[in-house]
Amino acid sequence: MTLWQIILLASIAVLALKLLGYLVPPSVLEKPAAGRTAQLTTVALLAALIVVQTVSTGQSLVLDARLPAVVVAAALLALRAPFILVILAAALTAAALRALGWAA
Amino acid sequence: MNGPRASRHPAPRSAPAPGVAEARRASWAVGLAVAAYGVSFGALAVASGLDVWQACVLSLVMFSGGSQFALIGVLASGGAAAGPAAIAGAALLGLRNGLYAIRVSPIVGAGFWRRLLAGHLTIDESTAVATAQATPEGQRAGFWWTGWIIFLGWNLMTLLGALLGDLLGDVSAYGLDAAAAAAFLGLVWPRLRALQPVAVAVGAAVVAAATIPVLPAGVPVILAALVAVVVGPLDLLGRPVAAPIEHHADVPPAPDAGEADR
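All names here are of chain B. In the structure shown here, the tally under the stated rule is eight aromatic pairs over all chains. Considering the side-chain rings of F143 and W144, the 5.3 Å spacing of their centres and the 85° angle between planes classify their relative orientation as edge-to-face. W144 matches F143 in its accessibility class, with the two residues each being buried. Joined through ring pairs, the aromatic side chains of F41, F69 and W154 make up one cluster.

Next up, the structure:
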């Protein structure tokens, strides 16, 4: 396979998976149990994504500057700080820890 | 654009629908943080052996950050010979977008072309911002604004990263990887007001953390979503505090639904 073939095949596969979900009729979500499950699925996916983004690199668990940065973000969210401030503070925390050499 | 205070003297025709202003603010906050990370994809893609065009086609057509990083990660270590594995990895990570699509399908509006476009813009962030909004108008605005901001920004930054590459150095020095995690945390935070979603979030986090080392990338997230599929239909751990009480206030709890003893 050439690099271009790989790129196009993978892109089509990823796009097709997105479109597939739109073939499910919206009425499926109108039942309370399905609606509730859909809401909870978003929560579960986001929680899992946070974990993956924070403590993993590829297939290994890695503790680095991302974890303290997310803890800072959580503290600010608990204090009802604006969203953009939370994100900036997280980036600054990680950047500062790395610049100081205190975390990878 | 009118600030929030301008709405104190609303002009009937130009007043935005309720919730739209909040949705736009969230869209910009999430969108800019995430789009900025595209620079890191562009730089890494070129470092893994892709040319600038290939990096840009990935961001234009695949447009799914997790899948894109997975693809170039496998290609970087195995080259074109690792093609099938790279495609499988990208598809696996893209699977969750299909689940998101089911969720946002009623939000995006009608029409074939609109839904086709919505399909392309269905990613973590557009779904998360949309579903975090309180009103239907806000949900729709959140989906489209976030989707467009990230699509345009992500592709622009991919090009920039691919062209500048080494000049930028390691983008993790700017803490953008932590910003992405913080953005997801900010989106899930408002939903954690009742026992049920909190339990689901903790359960999903534990499942993901426990399976990251043993399962291929992408699978832990899908597996974690199953926590919701178990809890949801059975309505384990009860109704959220914010159940629609207003119009049921005069209806006594159904004795057989387990509501009476809560």
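Text resumes after the structure shown.
A word on the layout of surface pockets. Put simply, the second largest pocket is a space of about 1,300 Å³. Along the wall of the second largest pocket there are 50 residues; nearest its centre are A:Q53, B:Y37, B:G66, B:F69 and B:A70.

Moving on, we get to unusual backbone geometry. Most of the time, phi is negative for any residue but glycine, and the peptide bond is trans. At A:R80, a residue that is not glycine, the phi angle is positive and equals roughly 65°. Within the element layout of this structure, A:R80 appears in the loop between α3 (66-78) and α4 (83-99). Although it is not a glycine, B:F63 sits at a positive phi angle of roughly 40°. Residue placement: B:F63 occurs in the loop between α3 (52-62) and α4 (65-78).

This next bit is on the interface of chain B and chain A. Contacts between chain B and chain A engage 91 residues on the former and 61 residues on the latter. Interface area, chain B with chain A, both sides summed: about 6,300 Å², of which 77% is carbon and sulfur. Between chain B and chain A we count zero salt bridges in total. With 16 residues, helix α5 (residues 83-104) of chain B is the largest single contributor of residues to the side of chain B that touches chain A. Among the residues making up the side of chain B that touches chain A, the classes are represented as 64 nonpolar, 18 polar and nine charged.

This part is about α4(A). Over its 17 residues, α4(A) extends 24 Å from the first C-alpha to the last, a length consistent with the 24 Å expected when each residue adds 1.5 Å. Every buried residue of α4(A) is listed here: A:F83, A:V86, A:I87, A:A89, A:A90, A:A91, A:T93, A:A94, A:A95, A:L97 and A:R98. For α4(A), the elements touching its buried residues are α3 of chain A together with α1 (20-36) and α9 (176-188) of chain B. Two residues or fewer past α4(A), A:G101 is found with a positive phi of approximately 75°.

Residue and element names in this part refer to chain B. Taking 1.5 Å of rise per residue, the 16 residues of helix α11 (residues 219-234) would be expected to cover 22 Å, and the 24 Å separating its terminal C-alpha atoms lies within 8% of that figure. By the burial criterion, the buried members of α11 are P220, V221, A224, A225, V227, A228, V231 and G232. Viewed along the axis of α11, the buried residues span an arc of 140°, placing them on a single side of the element. Of the residues trailing α11, D235 is marked for its positive phi of about 55°.

A few words now on the confidence of the model for chain B. Residues and elements named next belong to chain B. Of all residues in chain B, 83% attain a pLDDT of 70 or more, and the chain-wide mean is 81. Scored below 50 in pLDDT, residues 1-11 makes three contacts in the model with residues more than four places away or belonging to other chains. Long-range and interchain partners of residues 243-262, a stretch whose pLDDT sits below 50, account for seven contacts in this model, where long-range means more than four residues apart. The ipTM, which scores confidence in the relative placement of chains, is 0.85 for this predicted complex, and the corresponding pTM is 0.73.

The next point concerns the pattern of salt bridges. The final tally for this structure, using the stated rule, is two salt bridges over all chains. Among the ionic pairs, A:D64 bridges to A:R66, the shortest N-O distance being 2.9 Å. You can call A:D64 buried: its relative accessible area is 12%. The shortest N-O distance in the salt bridge between B:R96 and B:D124 comes to 2.7 Å. Of the two residues, B:R96 sits in helix α5 while B:D124 sits in helix α7 (residues 124-132), which places them 28 residues apart along the sequence. Accessibility expressed as a relative area gives 7% for B:R96, which makes it buried. Look at B:D124 and you get buried, because its relative accessible area is 8%.

Below, the discussion takes up the side chain of B:R191. Looking at the secondary structure, you find B:R191 in the loop between α9 and α10 (195-211). In this structure B:R191 is buried but unpaired, with B:D124 as the nearest side chain of opposite charge at 11 Å. Not counting chain neighbours up to four residues away, the residues in contact with B:R191 comprise A:T42, A:V43, A:L46, B:A128, B:T131, B:A132 and B:P197.

This part takes up a nonpolar patch on the surface. Residue and element names in this part refer to chain B. A surface patch of nonpolar side chains, about 480 Å² in accessible area, is lined by L159, L160, L163, L164 and L167. Mapped onto the secondary structure, L163 falls in helix α8 (residues 136-164). We classify L163 as exposed; its relative accessible area is 57%.

Quick notes on the rules
Residues numbered from 1 in each chain as written. Chains lettered and ligands numbered in written order. Predicted model: local features only at pLDDT ≥ 70, side-chain atom pairs only at ≥ 80, totals over all residues. Heavy atoms only, no water. Phe/Tyr/Trp six-rings, centres within 6.5 Å; stacked < 30°, edge-to-face > 60°. Buried < 20%, exposed > 50% of the residue type's maximum accessible area, 1.4 Å probe, protein only. 1 Å grid on protein atoms, 1.4 Å probe; cavity = no way out; pocket = protein on both sides within 12 Å on 5 of 7 lines; lining within 4 Å. Points joined across faces, edges and corners; volume = space filled by probe spheres on them. Helix = DSSP H or I, 4+ residues; strand = E, 2+ residues; numbered from the N terminus. Contact = heavy atoms within 4.5 Å. Buried area = accessible area lost by both parts, 1.4 Å probe. Salt bridge = Lys/Arg side-chain N within 4 Å of Asp/Glu carboxyl O. Nonpolar A, V, L, I, M, F, W, Y, C, P; charged D, E, K, R; others polar. Expected span 1.5 Å × (residues − 1). Arc of directions from axis to C-beta. pLDDT = per-residue confidence, 0-100. Lys, Arg positive; Asp, Glu negative; His and termini not counted. Patch = residues over 30% accessible without salt bridge, like charges linked within 9 Å, V, L, I, M, F, W, Y side chains within 5 Å. Areas by Shrake-Rupley, 256 points an atom, 1.4 Å probe, with all protein chains shown as cover.

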